[in-house]
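An overview of the molecular structure
Take a look at the letters that make up each chain.
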Amino acid sequence: MNNWRDKLFVTLQYLVPQHSLSRLVGMLARSEVPWIKTTFINLFMKRFGIDLSEAQIEDADQFPSFNAFFTRALKADARPLEASGDNEIACPADGAVSQLGAIRANQIFQAKGHDYSLYDLLGGDSALASEFTNGQFATIYLSPRDYHRVHMPFTGTLRETRYVPGDLFSVNEATANGVPNLFARNERLVCIFDTEQGPMAVILVGAMIVAGIETVFSGQVTPLPKQVVTTDYLRTAPITLQKGDELGRFLLGSTVVMLFPEGKAGFADNLKAGSQVQVLCKLGAYAH
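These notes cover the structure that comes with them. All values reported here derive from a predicted model rather than from experimental measurement.

Thoughts on the environment of glutamate 88
Mapped onto the elements of the fold, glutamate 88 is located in strand E1 (residues 88-90). Classification of glutamate 88 as buried rests on a relative accessible area of 18%. Separated by 195 residues in the primary sequence, glutamate 88 and leucine 283 place their C-alpha atoms 7.7 Å from one another. Once you skip the residues sitting within four places of it in the chain, glutamate 88 turns out to touch Glu82, Ala83, Pro153, Phe154, Lys243, Lys282, Gly284 and Ala285. Here the side chain of glutamate 88 touches serine 84 through a polar contact of 3.3 Å, landing on its backbone nitrogen.

Encoded structure:
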């Protein structure tokens, strides 16, 4: 922990009613009452210096709700697919690299002094965890000012999703440094895809005042009953998403964790913890 403010910030998160606060904010964020949505949008834009020049809608008054503003679409040419090579892996979101690298057996590095379990992250499925043992991971943090749609890192067919209930701690650097097992204890949606390079996991992690997670194939998926809910998509019409396609979105900011099998993926040499990234830039590549 860097200083007393970080310690206080983390301590308060243990004390506040995380889910109740998040759902209340969610109600306000969905509101289309003009003075509510305009107040929220204007305060947010001023606080975080939001630039709408890349957005399809550049006039803040034209958004019907704060959620519509927050999950705004970008212009078609704002984020070209830079990872266009057949074996290249695209970054799934705008944001910053929290951590990336090797999964050590079944342990994933969170921050100095903190690892967390691959088994716990995936909701307690040992068979699924074994598919990524000794593999590679990348964690991307989306700050409040970032574009909040999540895109496919690589072409894949959706095998299953696992909704895992949990806490709603913030996922910024201070909390990652101060809350053990952060990404394996927060509410999350695990999406497992089968690709030509093997399985790939894209995990959307909820956070404090995140009012929900949406996907293009199931709509809003949180909140749900407080138990792990697995949905098998191979038993219905297969859903294949191409690299760069939209996968889902966060209703307020959070984190994406990606998992790749052992010996398959590597990351760009210039990327490290703290590196700023944009959606669809080259995150790494599969071995030929």
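Now that the structure has been shown, the text picks up again.
Examining the pattern of salt bridges
One pass over the full model with this rule turns up eleven salt bridges. Between arginine 249 and glutamate 246 there is a salt bridge, and its shortest N-O distance comes to 2.8 Å. The same class applies to arginine 249 as to glutamate 246, namely buried. A cluster of three or more residues bridged by salt bridges with shared partners is formed by Glu54, Arg79 and Asp94.

Some words on the packing of aromatic side chains
A complete count under the given rule lists twelve aromatic pairs for this structure. Measuring from ring centre to ring centre gives 4.7 Å for phenylalanine 154 and tyrosine 286, while their planes differ by 70 degrees; the resulting arrangement is edge-to-face. On the criterion of sequence distance, the pair formed by phenylalanine 154 in the loop between strand E6 (149-151) and strand E7 (156-164) and tyrosine 286 in strand E18 (residues 282-286) is long-range, its members being 132 residues apart. Judged by centre distance (5.9 Å) and plane angle (85 degrees), the ring pair of phenylalanine 260 and tyrosine 286 falls under edge-to-face. Placement of the pair is phenylalanine 260 in strand E15 (residues 255-260) and tyrosine 286 in strand E18, with a sequence separation of 26 residues. This pair shows no difference in class: phenylalanine 260 is buried, exactly as tyrosine 286 is. Taken together, the aromatic side chains of Phe40, Phe44, Phe48, Phe63, Phe66, Phe69 and Phe70 make up a single cluster linked through ring pairs. Sitting over the face of the ring of phenylalanine 69, arginine 72 holds its NZ or CZ atom 4.9 Å from the ring centroid.

Points about the sheet that holds E6
What the four strands build is an open sheet, ordered E6-E14-E10-E11; its pairing is antiparallel. If you trace the sheet from one side to the other, it starts and ends with E6 and strand E11 (219-220), each paired once. As paired elements, E6 and strand E14 (residues 246-251) share three bridges and run antiparallel to each other. Note that in E14 the partner of arginine 149 across the bridge is arginine 249.

So, how was this worked out
- Residues numbered from 1 in each chain as written.
- Predicted model: local features only at pLDDT ≥ 70, side-chain atom pairs only at ≥ 80, totals over all residues.
- Heavy atoms only, no water.
- Helix = DSSP H or I, 4+ residues; strand = E, 2+ residues; numbered from the N terminus.
- Buried < 20%, exposed > 50% of the residue type's maximum accessible area, 1.4 Å probe, protein only.
- Contact = heavy atoms within 4.5 Å.
- Polar contact = N/O pair within 3.5 Å; in protein donor to acceptor, adjacent residues only side chain to side chain.
- Salt bridge = Lys/Arg side-chain N within 4 Å of Asp/Glu carboxyl O.
- Phe/Tyr/Trp six-rings, centres within 6.5 Å; stacked < 30°, edge-to-face > 60°.
- Lys NZ or Arg CZ within 6 Å of the ring centre and 35° of its normal.
- Pairing = 2+ DSSP bridges.

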